[in-house]
Amino acid sequence: MQLYYFTGADYALSNIALRRVKVSSLDRLNDPFEWLGPACEQRSDRAALRDLKKKMAEKNGLICFSEDWTNPVHWSHYADQHRGIALGFEVDPTIVEKVHYENVRTVIENLGTVLGSFKDGNASHDWIVKEVICRKFKHWEYEQEWRAFVTLDPTTLDNGNYFLDFNGQLRLNKVLVGANCTITKATLQRAIGELAGIELKKMRLAFNTFNICEQKDPTRFS
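The following refers to the structure shown. Since the structure is predicted, the reported quantities are computational estimates derived from the model, not experimental observations.

What follows is about the overall build of the chain. Counting its regular elements, the chain contains six helices and 12 strands. The dimensions of the chain, computed from C-alpha atoms along their principal axes, are 60 × 45 × 25 Å. Looking at the 222 residues of the chain, the share that counts as buried comes to 41%. Within the chain, contacts between residues at least 6 apart in sequence are counted, and of these 80% link residues at least 24 apart. With the model as given, the accessible surface of the chain reaches about 12200 Å², and the carbon-plus-sulfur share is 50%. Counting 29 positive and 29 negative side-chain charges, the chain places the centres of these two groups 4 Å from one another.

Spelled out as structure tokens, the structure:
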């Protein structure tokens, strides 16, 4: 499936050249309700979720993608106010989970028992990903987000950040350059190097809608 990873221009250039993408920490995500998708009336449930978050963040992270590159809000929020780049990937659907957006926090029967069983190693990661990590407030729906749940690899640690190398399950196939990005095509082509099958496109603001679209004028991107 085709998904997009939005980032600043310098980070994108580094990611392309080094054939990797940054893994986000589970405890540094920008939604304050992360990990609080389930309704938690009991103090013990809230404490259990905090403990689980801390425990899982020591060994796991996320890569956040969107299925849409045409929304200008993506570029404003996650690509340095249209000065950044969206990296397009062909992603193995088995490694990502779609985020579900809700107005009401889900009530999970026996939440404390379920969380307790996870601590004992009996509950599955899939349950945590679907019911906790991939539940967000309805107003985030514009992101059209998919998440890859990644085990942190100490061999990829670089300046305090973890990375996932491009591979058969995560294949770069598009580089979409923001409307206000000043990086040249030649600079990007040097970073792409011998990577085959990469579409390199410049973006612009649409003339008749509130969308982002492809810049067709070759003189605007060189």
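As a further point, take unusual backbone geometry. The phi torsion at Gln81 lies on the positive side, around 55°, for a residue other than glycine. Topologically, Gln81 is positioned in the loop between helix H3 (72-78) and strand S4 (85-91). Exposure remark for Gln81: the relative accessible area of 49% places this residue in the partly exposed category. Although it is not a glycine, His82 sits at a positive phi angle of roughly 70°. Here His82 lies in the loop between H3 and S4.

All told, the structure shown has 15 salt bridges when counted by the stated rule. Its salt-bridge partner being Arg135, residue Glu102 comes within 2.3 Å of it at the nearest N-O pair. With Glu102 in strand S6 (residues 100-102) and Arg135 in strand S7 (residues 135-137), this pair connects stretches of sequence that are 33 residues apart. Classification of Arg135 by relative accessible area gives buried; the value is 16%. With its nearest N and O atoms 2.8 Å apart, the salt bridge here joins Glu199 to Lys174. On the criterion of sequence distance, the pair formed by Glu199 in strand S11 (residues 199-205) and Lys174 in strand S10 (residues 170-177) is long-range, its members being 25 residues apart. Judged by relative accessible area, which is 16%, Lys174 ranks as buried.

Let us look at the pairing of S11. Pairing between S10 and S11: four bridges, direction parallel. Residue pairing in the sheet places Lys174 in a bridge with Glu199 of S11. Sheet topology note: the S11/strand S12 (residues 212-214) ladder contains three bridges and is antiparallel. In the strand pairing of S12, Leu205 is matched with Ile212. In sequence, S11 turns back onto S12 through a hairpin of six residues.

Attention now goes to the packing of aromatic side chains. One pass over the structure, following the stated rule, counts four aromatic pairs. Every member of this aromatic cluster is reached through a ring pair, and the members are Tyr5, Phe65, Phe89 and Phe166. Over the aromatic face of Phe163 sits the side chain of Arg20, whose NZ or CZ is 3.6 Å from the ring centroid. Looking at Arg204, its charged tip hangs above the ring of Phe207, at a distance of 3.8 Å from the centre.

What follows deals with the environment of Ile192. Mapped onto the secondary structure, Ile192 falls in helix H6 (residues 185-192). Overall, the relative accessible area of 8% leaves Ile192 in the buried class. Between the alpha carbons of Ile192 and Phe65 there is a distance of 20 Å; along the sequence they are 127 residues apart. Not counting chain neighbours up to four residues away, the residues in contact with Ile192 comprise Ile16, Arg19, Val175 and Ile198.

Rules and cut-offs
Residues numbered from 1 in each chain as written. Predicted model: local features only at pLDDT ≥ 70, side-chain atom pairs only at ≥ 80, totals over all residues. Heavy atoms only, no water. Helix = DSSP H or I, 4+ residues; strand = E, 2+ residues; numbered from the N terminus. Buried < 20%, exposed > 50% of the residue type's maximum accessible area, 1.4 Å probe, protein only. Contact = heavy atoms within 4.5 Å. Areas by Shrake-Rupley, 256 points an atom, 1.4 Å probe, with all protein chains shown as cover. Lys, Arg positive; Asp, Glu negative; His and termini not counted. Charge placed at Lys NZ, Arg CZ, Asp CG, Glu CD. Salt bridge = Lys/Arg side-chain N within 4 Å of Asp/Glu carboxyl O. Pairing = 2+ DSSP bridges. Phe/Tyr/Trp six-rings, centres within 6.5 Å; stacked < 30°, edge-to-face > 60°. Lys NZ or Arg CZ within 6 Å of the ring centre and 35° of its normal.

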